Structures are given as C-alpha cells and as structure tokens.
Amino acid sequence: MELTTHLIFVGAVFLLVSIVASAAVSRVGAPLLLVFLVIGMVAGAEGPGGIRFDNVQAAHLIGTVALGVILFHGGLRTRAETFRVGLWPALSLATVGVVVTAVGTGLFASWALNLSWMQGLLIGAIVGSTDAAAVFSLLHVRGMELKQRVAATLEIESGVNDPMAVFLTIAMVEALLLARNELSPMIVVDFVREMAIGGSVGVASGYALAWVINRLNLVTGLYPLLAMAGGLATYGGTAALGGSGFLAIYLAGLVLGNHRLHAAQTILRVHDGLAWLAQIVMFLVLGLLVVPSALLANLIPALGVALVLMLVARPVAVVASLLPFRFPWREQLYIAWVGLRGAVPIILALFPLLAGLENAQLYFNVAFFVVLFSLLVQGWTVAPVAHW
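Calculation rules
Residues numbered from 1 in each chain as written. Predicted model: local features only at pLDDT ≥ 70, side-chain atom pairs only at ≥ 80, totals over all residues. Heavy atoms only, no water. Helix = DSSP H or I, 4+ residues; strand = E, 2+ residues; numbered from the N terminus. Rg over C-alpha atoms; globule rule 2.2 N^0.38 Å. Buried < 20%, exposed > 50% of the residue type's maximum accessible area, 1.4 Å probe, protein only. Contact = heavy atoms within 4.5 Å. Areas by Shrake-Rupley, 256 points an atom, 1.4 Å probe, with all protein chains shown as cover. Phe/Tyr/Trp six-rings, centres within 6.5 Å; stacked < 30°, edge-to-face > 60°. Patch = residues over 30% accessible without salt bridge, like charges linked within 9 Å, V, L, I, M, F, W, Y side chains within 5 Å. Salt bridge = Lys/Arg side-chain N within 4 Å of Asp/Glu carboxyl O. pLDDT = per-residue confidence, 0-100.

1. Some points on the overall build of the protein chain
Within the protein chain one finds 17 helices and zero strands. Taking 21 Å as the expected radius of gyration for a compact globule of 388 residues, we find that the protein chain reaches 20 Å, a close match to that expectation. Referenced to the eigenvectors of the C-alpha coordinate spread, the extents of the protein chain come out at roughly 60 × 60 × 45 Å. A total of 388 residues make up the protein chain; the buried ones form 54% of that total. Of the contacts made within the protein chain by residues no fewer than 6 positions apart, 82% connect residues no fewer than 24 positions apart. When the accessible surface of the protein chain is split by element, carbon and sulfur atoms take 68% of a total near 16900 Å².

Listed below in structure tokens is the structure:
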C-alpha cells in the first residue's frame, strides 16, 4: 500500500514540475522536450531524485505507446491540403534522406568510435530520422509562420520517416546478431512489404474509425477514447501482420482528422492533451533511464557524431532528397537545420539492449547524447533561424 501511494505521489510531482517548468522556460525560448528530458535525468539514479530505473523493456513499451499517441495526434492535426502540398518532398526525405543520413553518420561513427562499419551503420540508423514529437511541438508551440510547403514537408517527414529508421535499425540488429558482414538484397523487398501493409491498413482503419464514430451514439467524452483505442489497435494489428505500425497509426489519424465527425472538436482537444501527456511521460522515462556519467566516457566521439549529423549528413541528405523539387537554397538550409532528434533515436537505441548486442550500452549513450545536443542546439534556435 505504501509503495503504491509513494509511486502515485512521485508520478504526480513529476507531472506537476514538468508542466510548471515548461511554462517558465518557454519564455526564454528553451525547447520543452529538453526540459522534460533533463527533469528525468535529475530525478534519476545520479541526480538529486536518486530514482534507479533500468527496466529497458518497460521503457520500450512506454516509449512505443507514447510515440503511437503522438503520431496519431499528428495525423489528426494534419490537413489534407497540407498533405498534398508537401507529400512528395516529405516522402523523399523520409526514405532517401534517412538512408543518406544514416550512411553518412554511420561511417563517421565507425571511425570515431573504433567500430566495424556495420556497427557504425547501426548508430547511423538509430539517429537517422527526425522526431515527430520534437518537430510538432516546436513548430506549433512557437507559432512560427513558415511557408506552407516548408512547414508541410517538415511535419509530414517527421510523421512518416520513423518506419524507415525502425526498419533499418532492426535490419542492422539482426545482421549483427547473425554475425553477417553484409545486408541481404531482400531488405528492399521487406521494406516495400512493410510500407505497403502499413499504408493500406492505416488508410482502411482511418475510414473504418470514421464510419464507426459517426454511427455510434455515445456520451461525448467517449468519442476521443474510441478514436485513441482505434488508433492503437491499428498500430498493434499492423505490426502483427508484419507491416509498419507507426506508418499505419499516422495515416489512420490523417484520414480520421479530415472527416466530418461527431464531437470533432472534443476529439481534437482531448488528443491535444493526450499528446502532451505522452511526450512528458516518454521523455521523463527516457531521462530516468540514462546514466549521465556514462555519457562522459565517450563525450568527444559522441560530440563528433552529433556535429557530423547536424552539419554534414543531414544537409547532404536534404539536398539529395529535394533536388527534384526545386526548393530555394534558404528553404533547404532551414529544412536541414530542423532535423531535430528526439525520443525516436532513444527508443531505437533500446533495440540493441533488448537484443543483448555487444556495445549496446555504447549505442544507447551515443544516441542519447545526440538527442540531447540536437534539442539543446537546434531546438533552441529553430525560431531565430526561421526569422533569419
């Protein structure tokens, strides 16, 4: 009984402190997700909080559910006209861009950390995608007036590039577990299959959810819960079928959000709150998981990886991906700079730990440092760079 009461109290205090702190730091332009992450680290084993949390499986479960909620909310808030404007550039960034970023970063990581090229590419795959939670919150909370195509490209890219990063990470983990020094050509077939299943199930689920919501007579407060349950069921069912659950839940939210629905405003407002709750809980838990002193052991190589990712790999990937779409160089520069890393790389860095790979803790520490550095440097300068 005492343990239950203590956990409820600690959890509520964490949530209160995170919300109050977010109101204070937003005035100085600090990214809110960085605040949640730091609060988790301060509360952890080496901080004043002294909470020892090392349950990787629980962290992975919490992170996955939270990311699903965030992607579903991102889909709900994305207008169809925005999707049409930025779809093809975003898809190019979410596929070609992620691969180029992963390869460029991974090759440098293999040299800087004295790893094999396959191990380096695993690090590149882990940090290869931008983060939906970071991009959605920064672009919307700051209220920046970006050109429609730029904003649409950034939002859609962050919503649909996670499947590529997840796929590459799992492929690299499996290759290293089997001690293979090459990737099978079947990887392309597997990727197309996952995307096809995820895309078709996601769109079909969105239409089915809209049909059910509009035909059930429920208490108003139950409609948001019905939508959320349908979204998470879409994720789980798609993953069970061998498809990309993250792509499916994002597309389900997109289709649902562009339908006329019963209690549409209630659904959106409740999901705004659920998305923030998911972000806070996810970053707090991931912050608790890290051991700050372990980050210092590889500080210089990890800093090098973060700088190469931000200043070389991401810009090259943006230029290569957007070449057919004739974006002005200033817009390409901004899109390159808003390649924010957030919870997704940390969640992906849990995969090697769960698989028991050699150097798994190193991969996690490097990924965490890259995220911390990205939120600190890029997250703090998103608005000034936009004005510039």
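Once the structure has been displayed, the description carries forward.
2. Section: the packing of aromatic side chains
Enumeration over the complete set of coordinates arrives at five aromatic pairs. Measuring from ring centre to ring centre gives 5.6 Å for Phe108 and Trp111, while their planes differ by 50 degrees; the resulting arrangement is tilted. Of the two residues, Phe108 and Trp111 are both situated in helix 4 (residues 80-112); the distance of three residues between them amounts to about one turn of the helix. Residue classification places Phe108 among the partly exposed positions, given a relative accessible area of 23%.

3. A look at helix 5 (residues 117-126)
Among the ten residues in helix 5, nine count as buried, and that is most of the element. Buried within helix 5 are the following residues: Met118, Gln119, Gly120, Leu121, Leu122, Ile123, Gly124, Ala125 and Ile126.

4. Examining a nonpolar patch on the surface
Together, Val99, Val103, Leu107 and Trp117 give the surface a local cluster of nonpolar side chains, amounting to about 340 Å² of exposed area. Of the residues forming the nonpolar patch, the biggest block, three residues, is contributed by helix 4. By the element assignment, Leu107 lies in helix 4. Its relative accessible area of 46% is what places Leu107 among the partly exposed residues.

5. Focus: the confidence of the model for the protein chain
Confidence in the prediction of the protein chain, expressed as mean pLDDT, is 86, and 92% of residues score 70 or more. For the protein chain, helix 6 (residues 132-141) is the element with the lowest average pLDDT, namely 67, and helix 10 (residues 222-240) is the one with the highest, namely 95.

6. Quick look at the pattern of salt bridges
Across all of its chains, the model carries four salt bridges by this definition. Across the pair Arg77 and Asp272 runs a salt bridge whose closest N-O atoms are separated by 2.7 Å. Taken together, the positions of Arg77 in helix 3 (residues 56-77) and Asp272 in helix 12 (residues 264-289) put the pair 195 residues apart, joining distant regions of the chain. Given a relative accessible area of 36%, Arg77 falls into the partly exposed group. The class for Asp272 is partly exposed, based on a relative accessible area of 24%. Residue Asp190 pairs with Arg193 through a salt bridge whose shortest N-O separation is 3.8 Å. Taken together, the residues span about one helical turn, with Asp190 and Arg193 both in helix 9 (residues 186-215) at a distance of three residues.

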